[in-house]
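# A look at the structure
This is what each chain is made of:
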Amino acid sequence: MENTNMIEVRNLSKYFKALKAVDDISFTVKKGEIFGLLGPNGAGKSTTLRILSTLSRPTSGKATINGYDIVKNDNKVRELLGIVSEKMIVYDRLTAKENLWFFGCLYGIPKEKLNKRVADLLELANLTPFKDKQVGTFSTGMRQRINVIRALLNDPQVLFLDEPTLGLDPQSSVEIRDFIKNLNKEKGTTLIITTHMMVDADILCDRIAIVDHGKIIALDTSANLKRATVGDNTLIIKLAISNLTGEMVTKLKELSCVDAVIQENEMQLRVVVHGENAFDEILDTVRSMKGKISSMENLQPTLEDVFLHMTGRHVRDVLEAKAPQQMRPHGMRKPQRGR
Ligand SMILES: Nc1ncnc2c1ncn2[C@@H]1O[C@H](COP(=O)(O)OP(=O)(O)OP(=O)(O)O)[C@@H](O)[C@H]1O
Ligand SMILES: [Mg+2]
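Note that the structure is a prediction, hence the values are computed from the model and not measured.

### Topic: the overall build of the protein chain
- Tallying secondary structure elements over the protein chain gives 11 helices and 14 strands in all.
- With respect to the principal axes defined by its C-alpha atoms, the protein chain has extents near 80 × 50 × 40 Å.
- Classification of the 339 residues of the protein chain by burial places 45% in the buried group.
- Contacts in the protein chain between residues far apart in sequence, at least 24 positions, make up 70% of those at least 6 positions apart.
- For the protein chain, the accessible area works out to roughly 17,600 Å², and carbon and sulfur atoms hold 50% of it.
- Averaged over its 48 positive side-chain charges, the protein chain has a centre that lies 8 Å from the centre of its 42 negative ones.

Right, here's the structure in full:
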C-alpha cells in the first residue's frame, strides 16, 4: 500500500431537510487501502458512498478522488471509479458474457478492448468456464461476482462496494471476500466497503470507520479499535474445587485489577479485569485461599463487541426520530435522490 491519499473527505455533510444523514465527516483513504464503513441501519453509509460516487451532491464540505473534486470534476471522478450498490444489477436471461458486454457497451468501451476486458474479468472472477451460461442458473455468490466485475469494466482505480455480502450464505460470502481481497492485491484497487458483517470487515479492511447518526465515532485498524474501546479483558475461570466459590467472588472483587465478577455456575466465574498483572494477582488470590483453578480462558474482544460498545444495543428502527417526509418503510425502494 502506498502512502499517498487516493480519497480525501473534508467536513462532508448531507442533509435531507432537517435530517443530517451525513454530519461533518472527514477521513482519508490511502492508495491501495481497503477502508470499511460500519454503522447501524440509517447511519449514513450509503449516502456517503453516493456522494463520493457523484450520484448525490453534498450539502457542504469537500471530497476529492485522486485529487479530483467530486463536484467540480465529477466527470473525471466517474472515470476513476466503479460502484456496486446495495441492489444487485444482473440480467438473468443473459449469459455471463452477454451481461458484461451489455454494460460494457453502455460505458462506450470499444469492441476489441471490451472483448479482452470481459475475458480478463471473467478469468479474475474464476467464471471463464461459465461464460456462456445464463446468469439465472448461477448461485447467488456467482451472480454477485458478475455484479462486482460489472463495476470493473471501466478498469476503475477506486471501487465502492455497498454491502457486497448482503443476503449471501457463508460459502458465498467467503467467495466474495476472497475475490475482493484478490482484486485489491492483484490490481491495487482502492476500496471502500460498507458492511454489517463484522467478520468481513475484520478480515478485509485495513482500517474501519464506525459511523452512527451521520458521524464518524471511531476510525482505526480493527486491532486498535478492539484495544482502545473494549480495553478490558474478560477471563473465564473454571475452578477445580467448588466449596470456596462464593468466598472467592468476594475476594476477587476486592482486587484493584478486577472490575466485575459474575458467578456463572458453581464452578465457573466470569471476571472482567484490566492491567498487566491481573493474571498473577488472580492466581495469587486463589492460591492464598487454597483454591484450585482447572482452566483460565482469556476472551478476546471481537469487532462486534467494539461495534455494540460504541453504537449501543438498541435496534435502529427506520422510522426512528424522523419527520414524516423522511420515512422509508422497510423493504421499499429508497426514494430517488435529488442532486
Ligand atoms: N433521498 C433521501 N431522502 C430522504 N432521506 C434519505 C434519503 N436517502 C437517505 N435518507 C435517509 O438518510 C439516512 C441515512 O441513510 P443511508 O441509506 O445512508 O444509511 P445506511 O447507513 O446506508 O443504512 P443501511 O445500513 O440501512 O443501508 C437514513 O435516515 C435515510 O432514511
Ligand atoms: Mg446502506
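### A short note on the nonpolar core
- Judged by nonpolar contacts, the single largest core of 44 residues is most densely connected at Ile149 and Leu159.
- Residues within four places of Leu159 in sequence aside, it is in contact with Gly82, Ile83, Val84, Val148, Ala151, Leu152, Leu183, Thr189, Thr190, Leu191 and Ile192.
- Val29, Leu49, Ile51 and Ala63 belong to the second largest nonpolar core, which has 25 residues in total.

### Regarding the coordination of the magnesium ion (ligand 2)
- Looking at the metal site, the magnesium ion (ligand 2) is ligated by Ser46 (OG) and Glu86 (OE), spaced 2.0 to 2.6 Å from it. Taken as a pair, Ser46 in helix 1 (residues 45-52) and Glu86 in the loop between strand 6 (81-84) and helix 3 (96-107) lie far apart in primary sequence, 40 residues in all.

### So, the packing of helix 5 (residues 140-150) against helix 6 (residues 170-187)
- Two elements in contact, helix 5 and helix 6, have axes separated by 9 Å at closest approach and are oriented at 25°. Classified by the angle between their axes, helix 5 and helix 6 sit roughly parallel to one another. Remark: the crossing between helix 5 and helix 6 carries right-handed chirality. Only Ser172, Glu175, Ile176 and Phe179 of helix 6 make contact with helix 5, whose side of the interface consists of Gly141, Met142, Gln144, Arg145, Val148 and Ile149.
- Looking at the contact of helix 5 with helix 6 residue by residue, the class counts come to 5 nonpolar, 3 polar and 2 charged.

What counts, and where the lines are drawn
Residues numbered from 1 in each chain as written. Chains lettered and ligands numbered in written order. Predicted model: local features only at pLDDT ≥ 70, side-chain atom pairs only at ≥ 80, totals over all residues. Heavy atoms only, no water. Helix = DSSP H or I, 4+ residues; strand = E, 2+ residues; numbered from the N terminus. Buried < 20%, exposed > 50% of the residue type's maximum accessible area, 1.4 Å probe, protein only. Contact = heavy atoms within 4.5 Å. Areas by Shrake-Rupley, 256 points an atom, 1.4 Å probe, with all protein chains shown as cover. Lys, Arg positive; Asp, Glu negative; His and termini not counted. Charge placed at Lys NZ, Arg CZ, Asp CG, Glu CD. Core = buried A, V, L, I, M, F, W, Y, C linked by side-chain atoms within 4.5 Å. Donors = N, O, S within 2.8 Å, 3.2 Å for Na, K, Ca; no water. Axes fitted to C-alpha atoms, helices over the stretch in contact; angles between N-to-C directions. Parallel < 35°, antiparallel > 145°, perpendicular 65-115°, else oblique. Left-handed = near helix turned anticlockwise from the far one by under 90°. Nonpolar A, V, L, I, M, F, W, Y, C, P; charged D, E, K, R; others polar.

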